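So the chains spell out like this:
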Amino acid sequence: MARGNYPNKAAQSVAEFRVEAETLPSVPAKGKSGRPKKGEVHKISLAIPVELYEGVEFASYFFRGNITAYINNLIRRDLERNLDKYREFKTMMEEMSSTM
């Protein structure tokens, strides 16, 4: 048998693997799936009376059929008009409960 320098088969396999990995097209990172979020939310369960639900469904068409967006809009408008009154009422109730 002749003596000489023979390549290490394991090292040669690793080198070939690296070349193959470098030539493969990179896979783009997959984006998030699902609906985009509009910020942090607090989820609740909401019971709507049956006689009002049909009206809620019709009104939600102005919000692309999104009932949550419709209800959030109602709440936002109510709070813009009445939040100060609600705070005053809360303060009155706290004062009444502390005097009893």
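Residues numbered from 1 in each chain as written. Predicted model: local features only at pLDDT ≥ 70, side-chain atom pairs only at ≥ 80, totals over all residues. Heavy atoms only, no water.

1. A short note on helix H3 (residues 67–99)
A maximum bend of about 65° is found in H3 at Asn82. Residues of H3 that are buried include every one of Tyr70, Ile71 and Asn82, and no others. Buried positions along H3 lie against helix H2 (50–60). N-capping of H3 is provided by Asn66, with a side-chain oxygen placed 3.1 Å from the backbone N of Thr68. (Bend = angle between axes of the 7 residues up to and from the residue. Helix = DSSP H or I, 4+ residues; strand = E, 2+ residues; numbered from the N terminus. Buried < 20%, exposed > 50% of the residue type's maximum accessible area, 1.4 Å probe, protein only. Contact = heavy atoms within 4.5 Å. Polar contact = N/O pair within 3.5 Å; in protein donor to acceptor, adjacent residues only side chain to side chain.)

2. Some points on the side chain of Asn82
Turning to its location among the elements, Asn82 is positioned in helix H3. For Asn82, a relative accessible area of 17% translates into the label buried. Here Asp78 takes part through its side chain, which lies 2.7 Å from a polar atom of the side chain of Asn82.

3. A few points about the layout of surface pockets
Considering only enclosed or pocket space, the largest pocket measures out at about 1,300 Å³ in volume. In this structure, the largest pocket is lined by 27 residues; those nearest its centre are Val41, Asn66, Thr68, Ala69 and Asn72. The element contributing the most residues to the lining of the largest pocket is H3, with 11 residues. Of the residues assigned to the lining of the largest pocket, the class counts are 14 nonpolar, 6 polar and 7 charged. (1 Å grid on protein atoms, 1.4 Å probe; cavity = no way out; pocket = protein on both sides within 12 Å on 5 of 7 lines; lining within 4 Å. Points joined across faces, edges and corners; volume = space filled by probe spheres on them. Nonpolar A, V, L, I, M, F, W, Y, C, P; charged D, E, K, R; others polar.)

4. Structural notes on the packing of aromatic side chains
Across all of its chains, the model carries 2 aromatic pairs by this definition. Plain terms: the ring middles of Phe58 and Tyr61 are 6.5 Å apart, the flat faces sit at 35° to each other, and that makes the pair tilted. Classification of Phe58 by relative accessible area gives partly exposed; the value is 47%. Measuring from centroid to centroid gives 5.8 Å for Phe63 and Tyr70, while their planes differ by 50°, and the two rings are tilted. A relative accessible area of 17% means that Tyr70 is categorised as buried. (Phe/Tyr/Trp six-rings, centres within 6.5 Å; stacked < 30°, edge-to-face > 60°.)

5. Quick notes on unusual backbone geometry
Here the phi dihedral of Arg64 falls at roughly 55°; this positive angle occurs in a residue that is not glycine. When you line up the elements, Arg64 lands in the loop between H2 and H3. Residue class for Arg64 comes out exposed when judged on its relative accessible area of 83%.

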